[in-house]
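Summary of structural features
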Amino acid sequence: MDKNEHSIFAYVMDQLDENGIYQGGALIDDPTPSLPRPLGSDDAYIYTAEMPPDLPGAEAVCSMLLAYADEPSATAKAVLEEALIKILCVSVCDPLVELLSEDEVPEPLLALAEDWLYTAHKRELVKYAIVILAVFGLEKLRKEHSENLWDDLVDLCRCEEFTFFLTFAYRINNIAPQDELWELVRSTRGWGRIFTLYDLECTTEEEEIWLLRHGCEIEIDYAPICLVVMRKGQLLHHLHKEQLDYKTYRGCLLIINNFIMMLDRYYIGNSDPTYIDISGIDSKTLISELLRHAERYDKTPADLIGIINISIGLQKLITDSNWAALPSNASHELVSRCEKLIYSRDWYEEVQAQLFKEDGSVNYTTAEFAFELDIDIWERLFDYLKQHPLESALFPYLLGFENDERPQKVLTFIEKNINTYTQSETALLIPLKYLETHPGTGVPIVTAALTSIYDWPRGAASIILEEWGHEQLTPALRAALITARRLSQHPLITMRIDALLENKPFSVATMLEQLSNKN
């Protein structure tokens, strides 16, 4: 069956592996498949940014749903669906629940929700279905209608585009079924895991250990989740033990790295709701106890990468005079302990010996370690790139130098092999990021990205030209922009290109207004 012939539900079921993990990538209704993003990220942005709910939108949705329930028909259903796919469910779900809860859910509306759950081809309709079913009552649904529907909801929400809505449904029903939540947390690695963790309970030491080992193993950037893992996994209690096994130590190391990253990126406080609340967390003891365990596991570069990151993070807090969680003296003391572990011996010979694996491929853990310790491996990595041009993962290390002729050698090599790199969606992203702060450099790379078959590098190239300024737009770049506009499959990229061609600054407000008018 072709992907577009599936309903959302059927497609998700077809893409679950034997462990219940969704493997399907973009959903069948993805409006911008050329610009990939994590499933659930659009809803997560709106919900975690604490945007005020759209009450007028919720009232309109409620009126449309109840009007359909009064006079259900195929025509009314089609009109309703066309309207709802343009209104993000996440923006109205809170007030919509209150409005729908004023009376019993009408039978035609319940039937419509079940129909959408299994047959809808648009994700927003599936989300509205979950909300309507939640208002009816999930336990009531389970007892009076179908045990299968309860299980089907869980399986559907293994796809992280929908996990939030199931946890939302549980919450408004005042339930937190732990078997189901543990199933979800083990089968998700992005926003689904994050939303599930908030309602998860650890009742045994085995569950705490699992959470410490895996809770922060996520594929998206959301450092504050470490607080949930720290508290529910009883991190300090386990760090106080005389010894930790290696897997648990590595999990704890990842948690602390996320914690320090969070301290740098977010406002920390106890009174303002827009701040991150770290009350009850003894930051110095946590990091100090982790470093005590690190003394047992400091034998290889792989073991020390996390300690290097802690040291870098602490030094950033010191540079920024950020004392929200650690006073100055404690921060300096902890940096000193990190450096004692890192520089316990001369790593040069070991790094050179371990830079390549037995099969001849690059050992990226060792490369990262060398990069952070300023051990010069550039020539060896560049020689490898010349023999293996597709090894674009080397670019961060090869371009990570300023005031040096070496990055220019890399850019020249990329330009000579540009046809190789334009066949990949991601190969040029790191070079493009480098060029963002080097106006007028690497124009052939920017041009190739603009005229790529992929929107991702095209979008990155348009952002670069915004940063460079209109004075850098040569006739050749303008010609490339005209081609890029024709090739673009994403409205945001098209609008950026239009602004560049018109010598105007790109306006997010204008973009949102234009997108709204199109809807």
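Scroll up a little and you will see the structure.
These remarks concern the structure in this document. These figures come from a predicted structure and were not determined experimentally. (Residues numbered from 1 in each chain as written. Predicted model: local features only at pLDDT ≥ 70, side-chain atom pairs only at ≥ 80, totals over all residues. Heavy atoms only, no water.)

**Some thoughts on the overall build of the chain**
- Secondary structure assignment for the chain yields 31 helices and zero strands.
- The C-alpha atoms of the chain give a radius of gyration of 26 Å, which matches the 24 Å a tight globule of 519 residues would have.
- Judged by the C-alpha coordinates and their principal axes, the chain covers about 75 × 65 × 45 Å.
- Expressed as a percentage of its 519 residues, the buried residues of the chain come to 49%.
- For the chain, long-range pairs separated by at least 24 residues make up 68% of all intrachain contacts whose partners lie at least 6 apart in sequence.
- Element-wise, carbon and sulfur atoms account for 50% of the exposed surface of the chain, whose accessible area totals about 24900 Å². (Helix = DSSP H or I, 4+ residues; strand = E, 2+ residues; numbered from the N terminus. Rg over C-alpha atoms; globule rule 2.2 N^0.38 Å. Buried < 20%, exposed > 50% of the residue type's maximum accessible area, 1.4 Å probe, protein only. Contact = heavy atoms within 4.5 Å. Areas by Shrake-Rupley, 256 points an atom, 1.4 Å probe, with all protein chains shown as cover.)

**Some words on the packing of helix H29 (residues 475-487) against helix H30 (residues 491-501)**
- Running from amino to carboxyl end, H29 crosses H30 at an angle of 150°, the nearest separation of the two axes being 10 Å. When the axis of H29 is compared with that of H30, the two are roughly antiparallel. Here H29 and H30 pass one another in a crossing that is left-handed. In contact with Arg478, Leu481, Ile482, Ala484 and Arg485 of H29, H30 contributes Thr494, Ile497, Asp498, Leu500 and Leu501. (Axes fitted to C-alpha atoms, helices over the stretch in contact; angles between N-to-C directions. Parallel < 35°, antiparallel > 145°, perpendicular 65-115°, else oblique. Left-handed = near helix turned anticlockwise from the far one by under 90°.)

**Here we look at the pattern of salt bridges**
- By the definition in use, this model includes 28 salt bridges.
- As a salt-bridge pair, Glu161 and Lys127 come within 2.7 Å of each other at their nearest N and O atoms. Placement of the pair is Glu161 in the loop between helix H9 (147-156) and helix H10 (163-172) and Lys127 in helix H7 (residues 123-136), with a sequence separation of 34 residues. Per residue, the accessibility class of Glu161 equals that of Lys127, and both read buried.
- Because the salt bridges share partners, they merge into one network encompassing Asp29, Asp43, Arg123, Glu124, Lys127 and Glu161. (Salt bridge = Lys/Arg side-chain N within 4 Å of Asp/Glu carboxyl O.)

**Things to note about the packing of aromatic side chains**
- As enumerated under the stated definition, the model contains 17 aromatic pairs in all.
- Judged by centre distance (5.7 Å) and plane angle (75°), the rings of Trp182 and Trp210 are edge-to-face. A residue pair is termed long-range when its members are at least 10 positions apart, and Trp182 in helix H11 (residues 178-186) and Trp210 in helix H13 (residues 205-214) qualify at 28 residues.
- On the basis of relative accessibility, which here comes to 17%, the residue Trp210 falls in the buried class.
- Through a chain of ring-to-ring contacts, three or more aromatic side chains come together here, namely Phe164, Phe165, Phe168, Trp191, Phe195 and Tyr222.
- Here Lys140 stacks its cationic end above the ring of Phe136, 4.6 Å away from the centre of that ring.
- Directly above the ring of Trp347 sits Arg345, whose terminal nitrogen or CZ lies 3.9 Å from the centroid. (Phe/Tyr/Trp six-rings, centres within 6.5 Å; stacked < 30°, edge-to-face > 60°. Lys NZ or Arg CZ within 6 Å of the ring centre and 35° of its normal.)

**Examining a negative patch on the surface**
- Residues Asp94, Glu98, Glu102 and Asp103 make up a contiguous surface patch of negative charge.
- Relative to the helices and strands, Glu102 is located in the loop between helix H5 (89-100) and helix H6 (107-119). (Patch = residues over 30% accessible without salt bridge, like charges linked within 9 Å, V, L, I, M, F, W, Y side chains within 5 Å. Lys, Arg positive; Asp, Glu negative; His and termini not counted. Charge placed at Lys NZ, Arg CZ, Asp CG, Glu CD.)

**A short note on unusual backbone geometry**
- The backbone of Asn174 shows a phi angle near 55°, a positive value even though the residue is not glycine.
- Along the polypeptide, Asn174 turns up in the loop between H10 and H11.
- We note that Asn503 has phi near 55°; this positive angle belongs to a residue other than glycine.
- Counting through the fold element by element, Asn503 comes out in the loop between H30 and helix H31 (508-518).
- Take Asn503: its relative accessible area is 43%, and that puts it in the partly exposed class.

**Comments concerning the environment of Tyr68**
- Summarising the element assignment, Tyr68 is placed in helix H3 (residues 55-70).
- Note: C-alpha distance between Tyr68 and Pro108 (40 residues apart in sequence) is 8.0 Å.
- Once residues within four sequence positions are removed from consideration, Tyr68 is found in contact with Ser73, Ala76, Lys77, Leu80, Pro108 and Leu112.

**Re the side chain of Asp43**
- Locating Asp43 in the fold gives a position in helix H2 (residues 41-48).
- Of the residues examined, Asp43 reaches a relative accessible area of 4% and is grouped as buried.
- Within the structure, Asp43 has its side chain in polar contact with the side chain of Lys127 (distance 2.7 Å).
- Apart from the residues lying within four places of it in its own chain, the contact partners of Asp43 are Val90, Lys127, Glu161 and Phe165. (Polar contact = N/O pair within 3.5 Å; in protein donor to acceptor, adjacent residues only side chain to side chain.)

**Considering the nonpolar core**
- Counting residues in each nonpolar core, the largest one holds 171 residues, and the members touching the most others are Trp116 and Ile307.
- Broken down by element, the residue count for this core peaks at 11 residues, all from H7. (Core = buried A, V, L, I, M, F, W, Y, C linked by side-chain atoms within 4.5 Å.)

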